[in-house]
Every structure is written in C-alpha cells, then in structure tokens.
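Residues per chain are reported as follows:
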Amino acid sequence: MVNYPALTSHTSEGLSDPLIYVHDFTNTYKNHLLYPPAVREAACLKVQIPWILQPMQKGDLLAGRKRTPFLGFTPIQGFGNIDRTGYYMEEQSLRDELEPYLQTEEQKVELEELIAYWQTENTNSKIRARYTEVMARELWTDNWGVESGVIYPLYRMAGAHMDMDKLVRLGLPGLRAEIREKLVSSAETYHPLYESMLTALDMLEYSMIYYIEDVKQALEQADQASDKLHLKRMVEVLEAIRYHAPRHLDEAMQLCWLYMLLSGSMEHGRMDVYFGDLLVQDLNTDFISELEAQELVTAYWRMILGVLGRDARVIVGGVGRRNPENGDRFTLFAIEASRHVPFRPQLSLRCNKGMNPEILAKALDSLGEGTTFPILYNDEANVPAVMHAFDVSREEAEQYAFFGCGEYMLDHRSYGTPSGVINLVKALELTLFNGIDPLTGRELGLKLGTLSDFATIDDLWEAYQKQLKHHIDIIADQEALEYKIVGEETSLLFISMLYDDCITRGKAVFEGGIRHLGGTLETYGNITASDSLVAIKKVIYEEQKITKERLMELILTNFTGAEGERKLLLEAPKFGNDDDEADQMAVLYHEFVCNTVRNQRDRTDLDSYLVVMINNDANTTLGRLTLASADGRLAYSPMSNGNAPSPGMDRNGITALFNSMTKLDAGLHAGSSQNIKFSKQMFNGDRPKLEALLDTFFELGGTSTNISVVSKEDLQNAMKEPEKYANLIVRVGGFSAYFVTLNHNVQREILERTLY
Amino acid sequence: MEESGIVFDIARFSLHDGDGIRTTVFLKGCPLRCLWCHNPESQKFEPEVYPLEGDTGDVKTIGSPMSVSEVINVVMRDLPYYKRSGGGLTLSGGEPLAQPDFSLALLREAKNRGLHTCVETSGYAHRSILERISPYVDCFLFDSKEYNADQHKEYTGRSNNVILANLQWLCEQGVPLILRCPIIPGLNDRPDHFAEIVKWVNSNSNIIGAELLAYHPYGRSKGDGQGSTFIAPIPTEEDKANWLSIIRSYGCEKVVIG
C-alpha cells in the first residue's frame, strides 16, 4: 500500500506554519543529499506538494489550485525578472513570510543558517559557480533588463510539452502499471528513477484525495441546488480518476489539470487531440450537452487564467492529428472559450490546407472582436521549417509545438528552453566603441577597434560578426552547462514520465532520457541592428553625409540638437517596406545570426540550438539599456519587436510588410512573433479580402500571425483615460494584456506600431 | 524610349478600387476642378512642393516621374495577392486618361503580365484615347458626378457632354464598368440625380453597378493651393440609408454605398 502523508496534518495548525515547511523541506533535502537526484526530488515533493495545494474556490468546476512557495523545487519559476530552476529560494520574500512566525532567538539563528545554506545550494547558484572565466566575464550579471550587457543567462527549464494524450489514454493506473512493469522487468535490483516516479504518482493520487475531501467540505456548505450538483459530480470525477483512465471529458480534464499543476509546466500542447475523443463521445451519447461542454472548456480556461502564468499555451488544429474530426469539434469550443476568458491560455490555431473552413471563420470572428486569439500558425510553412531547423523527419516535424512566447519544439520529444538572451544592438555598440559598453563604461566582448578604424562597411560587418560569434559561443556553452547541471541535480519526475523515451531508457529528461536535447536563444533588436547597418552603409560610407566620428558622437549624445542628421539616418531604407536594399541587409543579418546560433550544435552537446525572435516586451526592456542607434532610433526607446520592422517604420502597406517578412528564412530558427495591428474597419470591413491577404501571406511562407484588432483612437484615449478602457486587449509580443496595465514605454511602442 | 509619366502615389493593398486586393497607381494632373476634390494635390500635372504639417519648415515633393517598368516593378511585387483575391492594377488620378500614352503603356504591360486592370476616370477625354485604351481595361470605374450639363460645369469647371458621350460609347461597346458617384449634400443628393444613376444602371447590361461615395472633407486639409473653401455637410449614416431607399424605390438593387 501507498504510504501517504497524513491528510489531516494538511489542515492542522502544524502545516499552516511556513517555518515548519521550510525546515521540513530543507531537512528532507539534506537527508537525501547522498541519494540519487530522483529519490531526493521525490522526497522533497512529498513535503512540497501538500504545502502548495490550495482549496478550491467558489465557482471552480475543476479542482486544483496552488501557491508558489519561496523555497522549493521547480522546472521554472519566475520571481521579478529572474527565473529559477531546480531547487530555489526567493530570499527576501521568504524572510518577509517567515518574520511573523519567528518567536525565539534560536529560531532566528536557525533561519539564518537555513538561508545561508540555500544561498549556495540552490540550482541557479550551482550553475553560476561552474562558469568558466570568460563566461563569468561576459555573463557578468543575472539581472537582465536592469544591468547592461550583451548576453544574459536565464535559469529555467521552460516549455515542457508533456504527452498529455498518453496520460488521458492510460490514466493514473495505466501510467503506474507501465512504470511498475519496467521496474519489475528491470535487470537492476534497485531502480531509483522508476521508484521515484511511482512516488510522484502517489503524490498525484494524494492530490486527488486532498480535493475529494476539499470538495466534500464545499458540498456541505453549498446551498444552491445547481452548485450541489456540480460539486457532487466533481467528487465522482476525482474518485473515478484514482482508479480508472478517464472515461469522460470532465475526468480527463481533472486528471490533466492536477498533473499539470504538480509538474510545474504551463504548456498544454495539442489539447484538441487529447480531449477531442471524449468530448465527441460524451456529446454523442448525450452524457453532456453542447452547453455543458462549453462550460467545461471555459472552466478549464478560467483555471489556466487564475492559476498559471501568462505564457500558458493551448494548441489546436493542424496536420499530424490522429483524430482530426474530433479535434476540430473541440477546437470550436476552444475558440468560443477564448472569446470569454481574456489573455490566457494563449490559444494557438495551427492552420493547414484543407482545414475546416468553419474553424477559420470562427477564428477570424474572434480576432475581429479584439480578443487577440487565436494566434494563427501556418503548418504549410512551419512543418518544412521545423524539418530543416531541427533536422528531423516530416513525421516528427508535424508534431511541432510552441510554448511561452512562441518557441518551437517537438511535442514531448524535445526540450528547447530559452535560457539565454542577447541584445544584438548592444553588441553593435561594443563593435563601434572597441569593446566598451558606452552606457556604463564596462569592458565587454572583443576589442576590435572603433568605428573610425573600419575603412569600409565590410570591415565593420566583419568586426560585428566576430563580436556576435564571441557572445553566441559563450551563451551556447552556458545553455549546455545549464542542462548538464540541471541533469545532475534533478529528474523532473512528472515531466520525465510523460516524455518519450524517458521511461523506456530508464533515464530522466536531462540525464539522457530525452530524444532531442535542444535549446534556444532569445535575440532582441534584430531589425534595429540590420536597419542600423543599412543606415551606416548608406549615410556614412556611401554618401558620406555624416562622418564616422560624428556618428559616434550622435549615438553618445542621443542626437541632441542634431535633428537634421537624425532625419538623414531615419530616411535611410528600412526593413518592412519591401525595399530591396533594407531587406537584403535584413536577410544577410538574419542568416548570419541564425546560422551562427544553429551551428552551435557542432560545438556543444546540444542537438539543436536555435534563434527565437519570439519577443515578449524585452525589446522595450532592453531598449532602455541601449543608446541611440544608427537607424535613427532614440536612446532608451524600444527596439524592433520579433522580426517585425521598427515601430512605425513600415509605410508601404501590409503586403509590402508581408513580403519583407517572408524574405527571412523560417527554416533557420525556432520561431518568430509577427505582431500585426489592424483597425476594426480593415479587419472586419471586407472579410473575403482579409482572408485572401492572410492566405497569401501563409502561401508565401509566413509562419504565424499575432493579430490585434484595435483603433488608434482607442489606444490614444486609453493612455489618457485608462479607467475608461479597462477592457482593451492588445498583443504585446509573446503575450496578450490589458493595454492600460502595461507600462508607459510598452504602451508607446504599441501605439507607434503601424496600424493597418 | 520607354514611356514615363508623373505619378503622385502608389497605394498597395488597395481594397476599394475594384475587385480583390489591388495596387492603385495615382497619376498626377486632372483637367477637372471639382469643388469637393479629395486629392487637390493631384490636380496639377507637374511635381509640386508642399510644406509638411506643423511649422517645421520641412517640405515634401508631391509627384515624381516614373517609367513604365519602374511602376510595373512595384505593382508586380503583390502578384500573389492579386491571384488569390482576383485583384490587380488600378490606374487612378488625377485623371489617368490625361496621360494617355503612359496609361496605355502601363495597361498594356499589365495585361502582358496577366494582371486584371481597372481605370478610374472622370470620362473627360478624347474618344480616340478611350478607343486605344479600352481593349486593355477589364473594368472602368467611371465617375458619375452630375447629369445636368450646367450644374456639371458649375461643379467641375467642364461640361459633361464629352463625358456622357464616352459613357454611352463604353456601354455600346459592352465594356464592363462600375459607376462611381460622389454624393455631395446640397449639390447632387437630389432625387432626379439618383433617378439618372438608376436609369444608366438599369438600361445598360455592361454596368455592373454603382457605388455612392459620400462626401468627406479630408481633401481640404491637404492645402490644395486652389483657394478652395468648399464645405458641405458631412452625410450621416441616416442620410446614406435614405439615398439607398430612394434608389431602391426606383427599382434598382445594384447600387451600394461605396
């Protein structure tokens, strides 16, 4: 029999005391230091999971809420602008939380010892401790977005796409049986990974038992007949999934939701595949009505909104589904749910030739209302691009998925966490100023001379390439190192159980279990950099209207009193206008950066390492650390977003923009966000022409569209009178948000984007 | 020598100048001087210099000479969009028929490249020009400003005799066309004017339909240099519905608000 932690202690005073939790967690960790990582992790989860589970809230149709502990274990957890992975401590918040519970001097001393222990024992610090000298120099700070640098490490194992379809098909008992089978047939007498996986599944069952009790309590207090009905069904569902694979949609949803909560992943993957069959079965047998089905899907959306972070994604549609008709049926409910629940999940619709036209029509209706969802992905372009970028077969590429802001990976077969950031425009600054960050005076990167030393644009380009390669090599090494150490420290049990090959190989994801170990690098300011090169080429080298020395001065003085010279630079060709000169430079630049990153697979242990131009609002954040640039951009203002033009620089109409964008080879990277802002009039005024436009963009190789449908007046007015525009939603980059909640700089950047 | 002409704008992703997604090439220069002109900077045949908005002292030049291949190179960039949507090239102005050789060369080249072509015209041109050009035009967007000759002269500076004769000729030839009818409150929003539009549409099978284009004042802010101070009331949605109901009462379904 399974030895569960005593349920009663969960609600007793004992466990509501965070001091007890942090000491329990720490002691458990210490007591298992000499055990294999899987065993230590399972032991720690047994402490952590009862602590984080939170009672259901009124109106929840699915059970499962959690809190984030300030000391714990995670694949990825953000605090402020710094992410954590593995074992982590958020020191200040932990101190604040524990302060009221400290009664004696002894407790205070113990806590200081505990904090001192975790200051070096947390996984982030363990990774940094293993940096080489050159890594430590260029990755001088973890505080990205606040301190100025070219490359920054991110500590996170983001974007796990687990095999939820397998979970739904096997259920808890089936998954347990599969692992037990492996354990029994294993040649080794002791197999810590399988045993620890079974412990993790016990904790999944524990969460079911916890919520059965919790829902029963709610049932006692409920007075409305309809509430009672719902709550009774919830108890039935929770009891059922302890012993059976899901037999109905609500059972599958409850199982998946709890598993998702405990795993720490936010990525739901191809939800139409794993929910579609049970949905259609329940509808066909009248087990649920259309209305009830909608309520369930919308309820799932509300849980995602309430519990998970902004990156949470749901993917529907596309090629490579085993049950396209059932999937399509689910997809219609999914789009409808996104019309009622804002921001997340980031519903993403994979489109392909011959797709059900009803789905596309419903998607465009939803976008036309200004919901920003679904994000449209083009399978016809993406599948071949993924085949090339990841070097995999069509069959594998058809299972591409994307997470967070849009990084591509292979569903439950690969990991592609973006654990590095590069500010490409900062790297150009170093190239112009001989390896000195002109914002801070800090020496960074290679010393290759100043702009004055480069006789031709080719000399400058060569130096810039060297500077970029230097930084990219380091950040790739950092990614490989991060995986290695996370592999030494963790087994990510919940994720490993639902990743292909881990159970078969008997290895955790980062211990050699995963089929494709990939990684991605977030690049920022791509187009600002290429437009800057165009302006330097034309205005400084060719027309010689501004000298090299003067340009350096203009960058340092932010064009103060030099509007005329700034205008010359602004008038140089810009990407996004179907202009050959600007676009050719963008292509050259794109190919250099993407290939330099992609070639890291030959230098490192990574199967793939790819650029993502996915963008959240980091183009704005990093822009604040970046001086004026040669394209005429002012200091500290936003850089270009994704592979979109610099804000407002695309002036030749949307077909010109699309033509420019599709010149950048999608087969060289792992995703780019293409934010397009339409007026309501343009988007809704003539639907057949709008469809023809998007269709042709996809035909030409466009990979995706992030569509905001807004009016310029609305955005302007919302900045002046935010209280009146509380519901205005825009697509920022890799996420959607209420416009009025964004900071002023981000608002300005969105306003300045061209409105079509 | 390759033909060239004065172009004052090229608008890509143009949705309101014929079928599908189009590129509209605006040729500079127009023989008419409509009181309500929306594009006053297109009236003169030569490039002109206008001050930019605000008091920056900056100026912008409107209109530049372009060769046929320069124009066609821009137009061809959106070929996939035309193919998918049934769109193509639209010549507008100004008055494209006032640069007849350039227009002809552009249209001929467009047809060589397999493009669908439209010409937006006031119809004020010598018949021989129309005869030369019409074989290369899939659809005319033919202005229908005023059917009364005196009023036409008052509103546009020219009589409508030539225009109506050309319209009649195009109908006899069976060339597809859409009537484009600017409706200016106080000038031509009269029932008898609507009745004339209906008569033309109903009695000629080549006329696909008519679009009523409600007056808007945006032309005035561009600084037309013509001293135009023309102001008309801006039609409301109610006014527009009213126009349509009058037209429907005359028994015509092929007229829409453009």
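How each quantity is defined
Residues numbered from 1 in each chain as written. Chains lettered and ligands numbered in written order. Predicted model: local features only at pLDDT ≥ 70, side-chain atom pairs only at ≥ 80, totals over all residues. Contact = placed C-beta atoms within 7 Å. Helix = DSSP H or I, 4+ residues; strand = E, 2+ residues; numbered from the N terminus. Nonpolar A, V, L, I, M, F, W, Y, C, P; charged D, E, K, R; others polar. Domains from an automatic or database assignment. Axes fitted to C-alpha atoms, helices over the stretch in contact; angles between N-to-C directions. Parallel < 35°, antiparallel > 145°, perpendicular 65-115°, else oblique. pLDDT = per-residue confidence, 0-100. Expected span 1.5 Å × (residues − 1). Buried ≥ 20, exposed ≤ 12 C-beta atoms within 10 Å, placed from the backbone. Pairing = 2+ DSSP bridges.

With 15 residues of chain A at the contact, the number on the chain B side is 12 residues. Within the residue set of the side of chain A that touches chain B, elements represented by two or more residues are helix H29 (654-661) and helix H31 (687-699) of chain A. Per-element accounting of the side of chain A that touches chain B gives the leading share, six residues, to H31(A). Of the residues in the side of chain A that touches chain B, the class split is five nonpolar, five polar and five charged.

For the peptide bond that leads from Arg344(A) to Pro345(A), omega is 10°, which places it in the cis range. With respect to the secondary-structure elements, Pro345(A) resides in the loop between helix H15 (324-338) and strand E8 (346-351). The step from Gly93(B) to Gly94(B) runs through a cis peptide bond, and the omega angle for that step is 10°. Its location among the elements puts Gly94(B) in the loop between strand E6 (88-92) and helix H3 (100-112). With a phi close to 40°, Leu492(A) is a non-glycine residue in the positive phi region. Along the chain, the position of Leu492(A) falls in the loop between helix H20 (457-489) and helix H21 (493-497). Its identity as a non-glycine residue notwithstanding, Phe13(B) has a phi of 50°, on the positive side. If you trace the backbone, Phe13(B) turns up in strand E1 (residues 4-14).

Below, the discussion takes up the domain arrangement of chain A. All names here are of chain A. Domains assigned within chain A are domain 1 (8-137), domain 2 (164-371) and domain 3 (418-752). Taking only C-alpha atoms into account, the centre of domain 2 sits 35 Å from that of domain 3. Tallying the contact residues gives 28 residues for domain 2 and 21 residues for domain 3. Counting only elements with at least two residues in the side of domain 2 that touches domain 3, the list comes to helix H9 (164-185), helix H10 (192-221), helix H12 (249-263), E8 and helix H16 (357-368). With six residues, the top contributor of residues to the side of domain 2 that touches domain 3 is H9.

Attention shifts here to the environment of Leu170(B). Residues and elements named next belong to chain B. With respect to the element layout, Leu170 can be found in helix H6 (residues 161-173). Taking the C-alpha atoms as reference, Leu170 lies 20 Å from Leu89; in sequence the two are 81 residues apart. Once residues lying within four places of it in the same chain are set aside, the contact partners of Leu170 are Ser134, Phe140, Val175 and Leu177.

Bringing the packing of H12(A) against helix H13 (residues 271-284) of chain A into the picture now. All names here are of chain A. Running from amino to carboxyl end, H12 crosses H13 at an angle of 150°, the nearest separation of the two axes being 8 Å. On the basis of their axis angle, the class for H12 and H13 is roughly antiparallel. Contacts from Leu249, Ala252 and Met253 of H12 reach H13 at Phe275, Leu278, Leu279 and Asp282.

Below, the discussion takes up the confidence of the model for chain B. Per-residue confidence for chain B gives a mean pLDDT of 90; residues scoring 70 or more make up 93%. For this predicted complex, the interface confidence score (ipTM) comes to 0.87, while the overall pTM stands at 0.90.

All names here are of chain A. Contact geometry for helix H4 (residues 37-52) and H10: axes closest at 8 Å, N-to-C directions at 10°. It follows that H4 is roughly parallel to H10 by the angle criterion. Across the interface between the two elements, Ala38, Val39, Glu41, Ala42, Leu45, Lys46 and Ile49 from H4 touch Pro192, Leu193, Ser196, Thr199, Ala200, Met203, Tyr206 and Ser207 from H10. Of the residues assigned to the contact of H4 with H10, the class counts are 10 nonpolar, three polar and two charged.

On to H3(B). Residues and elements named next belong to chain B. Across its 13 residues, H3 extends 18 Å between first and last C-alpha, which sits within 8% of the 18 Å expected from 1.5 Å per residue. Those residues of H3 that are buried are in contact with E1, strand E2 (22-27), helix H1 (68-76), E6, strand E7 (116-121) and helix H4 (127-133). Immediately beyond the C-terminal end of H3, within one or two residues, lies Gly114, with a positive phi of roughly 80°.

To continue, consider the environment of Gly59(A). Residue and element names in this part refer to chain A. For Gly59, the location among the structural elements is in the loop between strand E1 (53-54) and strand E2 (65-66). A tally of 10 C-beta atoms within 10 Å means that Gly59 is categorised as exposed. C-alpha separation for the pair Gly59 and Met260, spaced 201 residues apart in sequence, amounts to 20 Å.

Quick look at the pairing of strand E10 (residues 400-403) of chain A now. Residue and element names in this part refer to chain A. Alternating positions in E10 separate into two faces, Tyr400 and Phe402 on one and Ala401 and Phe403 on the other, with burial throughout. Where E10 meets strand E11 (residues 407-410), four bridges bridge the pair, whose relative direction is antiparallel. Residue Phe403 lies in a different strand from E11, and its bridge partner there is Glu407. Counted between consecutive antiparallel strands, the loop separating E10 from E11 contains three residues, among which Gly404 sits at a positive phi close to 45°.

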